Amino acid sequence: MITPGIMKILHESIQIYDKLCGKSYLIAFGSKNNYKFAEVIIKQSSFWHLLGCNLEDDSNDGKNDTYMKCKNREDISEKVSSIHSFSEIKEKSTAMQNVFDFIEKANQIKIGYAIGCPEEYIFKIGTGNNLGIIGYDYPNKGKPNLLFPKSAQLKALSKISKDTYKVIMILSKDISQRDYNNIEYEIKKDVYLEIIKFLPSSIKVSLSVASK
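From a predicted model like this one, the values you see are computed outputs, not experimental measurements.

Reading guide: rules and limits
- Residues numbered from 1 in each chain as written.
- Predicted model: local features only at pLDDT ≥ 70, side-chain atom pairs only at ≥ 80, totals over all residues.
- Heavy atoms only, no water.
- Helix = DSSP H or I, 4+ residues; strand = E, 2+ residues; numbered from the N terminus.
- Rg over C-alpha atoms; globule rule 2.2 N^0.38 Å.
- Buried < 20%, exposed > 50% of the residue type's maximum accessible area, 1.4 Å probe, protein only.
- Contact = heavy atoms within 4.5 Å.
- Areas by Shrake-Rupley, 256 points an atom, 1.4 Å probe, with all protein chains shown as cover.
- Lys, Arg positive; Asp, Glu negative; His and termini not counted.
- Charge placed at Lys NZ, Arg CZ, Asp CG, Glu CD.
- Polar contact = N/O pair within 3.5 Å; in protein donor to acceptor, adjacent residues only side chain to side chain.
- 1 Å grid on protein atoms, 1.4 Å probe; cavity = no way out; pocket = protein on both sides within 12 Å on 5 of 7 lines; lining within 4 Å.
- Points joined across faces, edges and corners; volume = space filled by probe spheres on them.
- Nonpolar A, V, L, I, M, F, W, Y, C, P; charged D, E, K, R; others polar.
- Core = buried A, V, L, I, M, F, W, Y, C linked by side-chain atoms within 4.5 Å.
- Salt bridge = Lys/Arg side-chain N within 4 Å of Asp/Glu carboxyl O.
- Phe/Tyr/Trp six-rings, centres within 6.5 Å; stacked < 30°, edge-to-face > 60°.

*Asks:* What is the right way to look at the overall build of the chain in this model?
*Replies:* Secondary structure summary: the chain contains five helices and ten strands in total. Over its C-alpha atoms the chain spans a radius of gyration of 17 Å, differing by no more than 12% from the 17 Å that the globule rule assigns to 212 residues. Each principal axis of the C-alpha distribution contributes one length, and for the chain these read about 50 × 35 × 30 Å. Here the chain holds 212 residues, and the buried ones make up 48% of them. Relative to all contacts within the chain whose residues are 6 or more apart in sequence, the contacts with residues 24 or more apart total 63%. Only carbon and sulfur atoms are counted for the fraction: they give 47% of the accessible area of the chain, which is about 11000 Å². For the chain, the centre of its 30 positive side-chain charges and the centre of its 25 negative side-chain charges are spaced 8 Å apart.

*Asks:* Even after reading the chapter, I still don't get the environment of Tyr25, so can you show me in this structure?
*Replies:* Structurally, Tyr25 is set in strand β1 (residues 23–31). Beyond its immediate sequence surroundings of up to four residues, Tyr25 is in contact with Lys19, Leu20, Ala38, Glu39, Val40, Ile42, Phe102, Ile103, Ile170, Leu171, Ser172 and Tyr180. Looking at Tyr25, its side chain comes within polar contact range of the main-chain oxygen of Leu20, at 2.8 Å.

*Asks:* Looking at this model, I keep getting lost on empty space enclosed by the protein. Mind explaining?
*Replies:* Gaps left between atoms are located by rolling a probe of water-molecule size over the structure's atoms. Going through the model one piece at a time under the given rule, you end up with one cavity of 30 Å³ or more. Of the pockets and cavities examined, the largest cavity occupies roughly 30 Å³. Residues belonging to the lining of the largest cavity are distributed by class as follows: seven nonpolar, one polar and no charged.

*Asks:* Explain the nonpolar core here, please?
*Replies:* Nonpolar side chains in soluble globular proteins tend to end up buried together. Counting 44 residues, the largest nonpolar core has Leu10, Phe100 and Phe102 as the members making the most contacts within it. Residue contributions to this core peak at seven residues, all from helix α1 (residues 4–18). The contacts of Phe100, once residues within four sequence positions are left out, are Ile16, Tyr17, Leu20, Ile42, Leu50, Ala95, Ile134, Tyr136 and Pro149.

*Asks:* Just checking my understanding: could you explain the pattern of salt bridges for this structure?
*Replies:* Opposite charge on two side chains makes pairing possible when the charged atoms of those side chains draw close. Scanning all chains against the criterion turns up nine salt bridges. A salt bridge links Lys155 to Glu119; the nearest nitrogen and oxygen atoms lie 2.6 Å apart. With Lys155 in the loop between β8 (148–153) and β9 (164–174) and Glu119 in the loop between β5 (110–113) and β6 (125–129), the pair connects residues that are 36 residues apart, well separated along the chain. Accessibility expressed as a relative area gives 28% for Lys155, which makes it partly exposed. A salt bridge links Arg178 to Asp179; the nearest nitrogen and oxygen atoms lie 2.6 Å apart. By relative accessible area, which is 16% here, Asp179 ends up buried.

*Asks:* So what exactly am I meant to see when it comes to the side chain of Ser93 here?
*Replies:* Within the secondary structure, Ser93 sits in helix α4 (residues 86–99). Excluding residues within four positions of it along the chain, Ser93 makes contact with Ile9, Ser13 and Leu51.

*Asks:* Quick question: what am I supposed to make of the packing of aromatic side chains here?
*Replies:* Geometry of an aromatic ring pair is reported as the spacing of the ring centres plus the angle between the planes. Per the counting criterion, the structure on display carries eight aromatic pairs. Ring plane angle 65° and centroid distance 5.3 Å describe the contact between Tyr35 and Phe198, whose orientation is recorded as edge-to-face. Separated by 163 residues along the polypeptide, Tyr35 in strand β2 (residues 34–42) and Phe198 in the segment after α5 (192–195) bring together distant segments of the chain. Using a relative accessible area of 14% as the deciding quantity, one classes Tyr35 as buried.

Here it is as structure tokens:
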């Protein structure tokens, strides 16, 4: 069970999270002729842990229903438990507000690998800036190439990565689809025409139906 204060934080944070939820994203970063790629999947199930909470055992069967109730600002206090303190959850929420929406804030954030820091044992890649970090990791089960949001921290990206990179392009697709088919962001017009030449063969793209 969670307090009314924590529930209010979840009600606010899920509005930000839900903008990206239900899709997979291909994020291109790096520099010309040295492009790097990260595939990210945003599912409803990742939201709770990102904010330092868990679904109660008896609510797992109705986890989608609990997510929607939270999104609609309904009472979910008996469906969720907190694994962090109120202040820690508040910090995670602030970090989410500052940097989670990597499409809206694409020109304000950078990406870095977690190397030489305690976080490297928690997640592989961080997105953010001086106002916060969202850490992404690979799952123990499921599709091993898809990163999921695992950690929200109110610290500078430079604390976990010496080398950081600008976001160059973001493509998206519905989780059920095979091919990326929508251009969400380009650092400059038609940059995807250059980057697409460097895509690994395992990544499928059908931009003929994309909205630019």
